[in-house]
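Commentary on secondary and tertiary structure
This is what each chain is made of:
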Amino acid sequence: MNIPFVDLKIQYAGIKTEIDAAIAEVISKTAFIGGAHLKSFEEAFANFCGAKHCVGVGNGTDALFIALKALGLGAGDEVITAANSFIATSEAITMTGAKPVFVDINPATYNIAVDKIEAAVTPNTKAIIPVHLYGQPAQMDEILELAKKHGLKVVEDAAQAHGATYKGRTVGSIGDVACFSFYPGKNLGAYGDGGAVVTNNKELAVKVRMLANHGRIDKYDHEIEGVNSRLDGLQCAILSVKLKHLQKWSDQRRANAYLYNKHLEGTDLVTPVEIENVDAVYHLYIVRVKAQERQKLQEHLKANGIASGIHYPIALPNLKAYAYLNHSENDFPEATKASHEILSLPMFPELTEEQIIYIADKIKSFNK
Ligand SMILES: *Cc1c(COP(=O)(O)O)cnc(C)c1O
């Protein structure tokens, strides 16, 4: 049996009529930039997140950069984030001129270790970026409390967690501002690049919209310099169609994660842990394997037609890109250890129990 890591074709097949009609409509109206499709998607996505404002931008990395810029971040400032994430999170900090400050992870959830944040706060710290990694909400109550105590802004990196909930609140409406990616493989994926900034703060939303549009509100009244970062009409029309299906897809991802948990019982793999009172949306399904066995297990799976991945093989502070911070692997023992042990198994809404059982069986045969 061949099981891909993600299957975007099967999803398209299920919504082809709706998608094709949406694309044809945008083209017939040549509504490529701005306009009605953008406005209606922004409203629908803000509503989906339980937030007041949404600004569509070019991609998730831009969303983070623009949100940080809108908060006034720049040279001399420090921003705290998790040692285990995709590099876009820390890149966006550096792009503003601020310095990324990494904090180790909670080994059970792979998200930022909330008990280690305070030690990283200095007089220059201005913000925290919790990442809801793999679709698992970060421990937001503890983070919000620390932020309040130290006067820090909270920027949610929700690129992997569209629709996840934390104690009844939807991710994206919990911090000061939140950033989403609509990269095709994300839980809500465009057919190209896309991103969004979501916030309840009207003033901040206006600033974000200006920064994403060359620092202007109207045609040539540039009050500041910004960038060009747009969510185009085709992507908005596609995303509007897909947004209507997202809750169902998230439920299917979660159900698939629980099926994996059940069928992997009795193996020596460590399956994902959820914190209390959340609906995780399983962008990825991560297991832990003994470091010395991981590569062999991946090869065994591959030989049986099963794709797998590693997210991420090198913790951010251990990357060459951050050598200038002079960290050693001992500074982030949990993130470093996890980077050697984690393995991502196929995860997408349409994955079937039969496929999950097949994967679990192949893992069991490897264990023997
Ligand atoms: C995908 C991703 C981003 C960046 O999004 P792009 O749309 O690819 O720029 C940022 N943070 C995290 C955690 C991501 O997974």
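In this text, all values refer to a predicted model and were calculated from it rather than measured experimentally.

Digging into the nonpolar core
With 32 residues, the main nonpolar core has Phe41, Phe45, Phe180, Phe182 and Leu188 as its most contacted residues. Of all the secondary structure elements, the ones that give two or more residues to this core are helix H1 (8-28), helix H2 (35-49), strand E8 (177-181), strand E9 (195-199) and helix H7 (233-263). The element contributing the most residues to this core is H7, with eight residues. For this core, the domains that each give at least three residues are domain 1 (8-103 + 113-240) and domain 2 (246-367). Setting aside anything within four residues of it in sequence, one finds Phe41 in contact with Phe182, Leu188, Leu231, Cys236, Leu239, Ser240 and Leu243.

As for the domain arrangement of the chain
For the chain, the domain assignment lists domain 1 (8-103 + 113-240) and domain 2 (246-367). Distance between the C-alpha centres of domain 1 and domain 2: 25 Å. Facing the 37 residues of domain 1 at the interface are 32 residues of domain 2. Across the interface of domain 1 and domain 2, roughly 2900 Å² is buried in total on both sides, 64% from carbon and sulfur atoms. Inspection of the region where domain 1 meets domain 2 yields zero salt bridges. If you list the elements that add at least two residues to the side of domain 1 that touches domain 2, you get H1, helix H4 (88-96), strand E3 (99-103) and strand E6 (165-166). It is E3 that provides the largest number of residues to the side of domain 1 that touches domain 2, a total of four residues. Split by residue class, the side of domain 1 that touches domain 2 holds 18 nonpolar, 14 polar and five charged.

Some points on the sheet that holds E9
Within the open sheet, the seven strands sit side by side as E1-E9-E8-E5-E4-E2-E3. Their pairing is mixed. Edge positions in the sheet fall to strand E1 (53-57) and E3, since each of these pairs with one other strand and no more. In this sheet, adjacent strand axes meet at a mean angle of 25 degrees when their direction is disregarded. In this structure, E1 lies alongside E9, joined through five bridges in antiparallel fashion. Counterpart to Val57 in the pairing with E9 is Gly195.

The rules behind these values
- Residues numbered from 1 in each chain as written.
- Predicted model: local features only at pLDDT ≥ 70, side-chain atom pairs only at ≥ 80, totals over all residues.
- Heavy atoms only, no water.
- Core = buried A, V, L, I, M, F, W, Y, C linked by side-chain atoms within 4.5 Å.
- Buried < 20%, exposed > 50% of the residue type's maximum accessible area, 1.4 Å probe, protein only.
- Helix = DSSP H or I, 4+ residues; strand = E, 2+ residues; numbered from the N terminus.
- Domains from an automatic or database assignment.
- Contact = heavy atoms within 4.5 Å.
- Buried area = accessible area lost by both parts, 1.4 Å probe.
- Salt bridge = Lys/Arg side-chain N within 4 Å of Asp/Glu carboxyl O.
- Nonpolar A, V, L, I, M, F, W, Y, C, P; charged D, E, K, R; others polar.
- Pairing = 2+ DSSP bridges.
- Axes fitted to C-alpha atoms, helices over the stretch in contact; angles between N-to-C directions.

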